[in-house]
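Below, each chain spelled out in residue letters.
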Amino acid sequence: MLAKPHITLEAYDLQIFDLSDIAKVFAQYTKNSDVILLSGAVGAGKTEFARRLIKAKAIHENLGVEEVSSPTFSLVQTYEFHCCKISHIDLYRVNSEMELFELGIPDNFFDQITLLEWPEILETKNLSRYVCIKIKEAKRLEDHRDFTIEFFGHSWDDLSRA
């Protein structure tokens with residue numbers, strides 16, 4: 001990873017509707033070549049956040065997206081929109097960065113929005129600009145989440161201020 005995030009935002013004890021609000025902001029401000037890394041334990045809400053972002057993008061563009069499937073078994077689910085393409089990628093079953101490159105996954109980072117779950121095997125030093133969203137179960141309240149959003153690289157001002 002880059003040495004330090006350009007901007008860090010933290011939020012605690014978020015409810016599920018808060019997750020939707022954050023996803024809507026990301027849906028509105030992300031564009032092709034944006035890479036969003038989603039970190040957290042199993043069940044933390046990575047897939048749910050990705051689903052809500054994809055559905056929000058569909059609503060924003062007046063498109064009907066019936067179902068947003070988890071890419072756990074397929075590894076990649078891709079959604080076409082008017083202004084962009086979004087690939088939701090789950091690396092849980094990928095064992096190494098070499099395997100990631102063999103699958104050609106990083107080749108697509110530049111012509112789409114990429115939502116990447118379990119990004120820990122990815123060497124982010126090759127990425128000049130990305131967002132890392134860390135989701136944890138809240139310690140104080142059941143069914144709530146704590147979020148840390150780190151913006152690496154520049155040109156995230158619109159998104160980080162929204």
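Description of the structure in this document. All residue numbers refer to positions counted from 1 along the written sequence of the respective chain. Local features are withheld for residues below a pLDDT of 70 in this predicted model, meaning they are given only at 70 or higher, and side-chain atom pairs are given and counted only at 80 or more; totals for whole chains, interfaces and linings count all residues. To obtain the side-chain values, all non-hydrogen atoms of the structure were used and water was disregarded.

Some details on the overall build of the chain
Per the secondary structure count, the chain includes four helices and seven strands. Relative to a compact globule of 162 residues, whose C-alpha radius of gyration would be 15 Å, the chain shows 15 Å and is just as compact. Exposure classes here rest on a 1.4 Å probe applied to the protein chains alone. A residue is buried below 20% of its type maximum, exposed above 50%, and partly exposed in between. Across the 162 residues that make up the chain, the buried fraction comes to 48%. In what follows, residue pairs with any heavy atoms lying within 4.5 Å of each other are defined as contacts. Long-range contacts, defined as pairs at least 24 residues apart, comprise 66% of the intrachain contacts of the chain with a sequence gap of at least 6. Only the protein chains shown count as cover for residues, and all accessible areas are computed by the Shrake-Rupley method using a 1.4 Å probe. For the chain, the accessible area works out to roughly 8700 Å², and carbon and sulfur atoms hold 50% of it. Of the side chains in the chain, 18 bear a positive and 26 a negative charge, and the two mean positions are spaced by 4 Å. Secondary structure is summarised from DSSP: a helix means a run of H or I of at least four residues, a strand means a run of E of at least two, and numbering begins at the N terminus for each. For the radius of gyration, the atom set is restricted to C-alpha positions; the globular benchmark scales as 2.2 Å times the number of residues to the power 0.38. In this charge count, Lys and Arg are treated as positive and Asp and Glu as negative; neither His nor the chain ends contribute. For the purpose of locating charges, the reference atoms are NZ of Lys, CZ of Arg, CG of Asp and CD of Glu.

Observations regarding the layout of surface pockets
Taken as a whole, the largest pocket holds about 160 Å³ of empty space. As for the largest pocket, its lining consists of Leu 9, Glu 10, Ala 11, Ile 22, Val 25, Phe 26, Phe 147, Ile 149, Phe 151, Leu 159, Ser 160 and Ala 162. Contributing elements (two or more residues each) for the lining of the largest pocket: β1 (7-14), α1 (16-29), β7 (145-152) and α4 (157-161). Amino acids outside the nonpolar list (Ala, Val, Leu, Ile, Met, Phe, Trp, Tyr, Cys, Pro) and the charged list (Asp, Glu, Lys, Arg) are all regarded as polar, and Gly is one of them. A per-class count over the lining of the largest pocket returns 10 nonpolar, one polar and one charged. Site definitions follow a grid-based scheme: protein atoms alone, a 1 Å grid, a 1.4 Å probe that fits but cannot get out for cavities, and for pockets an open set with protein on both sides within 12 Å along at least five of seven lines, plus lining residues having an atom within 4 Å of a point. Grid points are joined across faces, edges and corners, and a volume is the space filled by probe spheres set on the points.

Side note on unusual backbone geometry
At Asp 13, a residue that is not glycine, the phi angle is positive and equals roughly 60°. Position of Asp 13 among the secondary structure elements: in strand β1. Positive phi values are uncommon outside glycine, yet Ser 33 reaches one of about 80°. Tracing the sequence through the fold places Ser 33 in the loop between α1 and β2 (35-39).

Re the sheet that holds β2
For two strands to pair, DSSP has to find at least two bridges joining them. Pairing is mixed across the open sheet formed by seven strands, whose spatial order is β1-β7-β6-β2-β5-β4-β3. What marks the edges here is a single partner per strand, and that holds for β1 and β3 (76-80). Direction aside, neighbouring strands of the sheet carry axes that sit 15° apart on average. Relative to strand β5 (residues 113-117), β2 is paired through four bridges, and the arrangement is parallel. Each bridged residue has a counterpart across the sheet, and for Ile 36 the counterpart in β5 is Leu 115. Between the N-to-C directions of two axes lies an angle of 0 to 180 degrees, each axis being a line fitted to C-alpha atoms and, for a helix, fitted only over the stretch in contact. Against the sheet, α1 engages β1, β2, β6 (130-137) and β7, with an angle of about 15° to β7.

Here's the deal with the nonpolar core
One recurring pattern in soluble globular proteins: nonpolar side chains tend to sit buried together. Ranked by size, the top nonpolar core spans 31 residues in total, and within it Phe 26, Phe 49, Leu 53, Leu 115, Ile 133 and Phe 147 carry the most contacts. Of all elements in the fold, only β1, α1, β2, α2 (46-60), β5, β6 and β7 reach the threshold of two or more residues within this core. Sorting elements by how many residues they give to this core places α2 first, with six residues. Those residues within four positions of Phe 49 in sequence are excluded, and the remaining contacts are Leu 19, Ile 22, Ala 23, Phe 26, Leu 38, Ile 133, Ile 135 and Phe 147. Take the buried residues of types Ala, Val, Leu, Ile, Met, Phe, Trp, Tyr and Cys, join any two whose side-chain atoms come within 4.5 Å, and each joined set is a nonpolar core.

Considering the pattern of salt bridges
In what follows, salt bridge is the name for a side-chain nitrogen of Lys or Arg lying within 4 Å of a carboxyl oxygen of Asp or Glu. Taken as a whole and assessed by the stated rule, the structure comprises five salt bridges. Each of Glu 48, Arg 51 and Arg 52 takes part in a single network of salt bridges with overlapping partners.

Here's the deal with the side chain of Lys 46
Structurally, Lys 46 is set in helix α2. An unpaired buried charge is present at Lys 46: no salt bridge exists, and Glu 117, the closest side chain of opposite charge, is 4.7 Å distant. The term polar contact refers here to a pair of N or O atoms within 3.5 Å; inside protein, the definition further demands a hydrogen-donor-capable atom paired with an acceptor-capable atom, and it admits residues adjacent in sequence only when both atoms are side-chain atoms. A distance of 2.9 Å separates the side chain of Lys 46 from the backbone oxygen of Ala 41, its partner in a polar contact.

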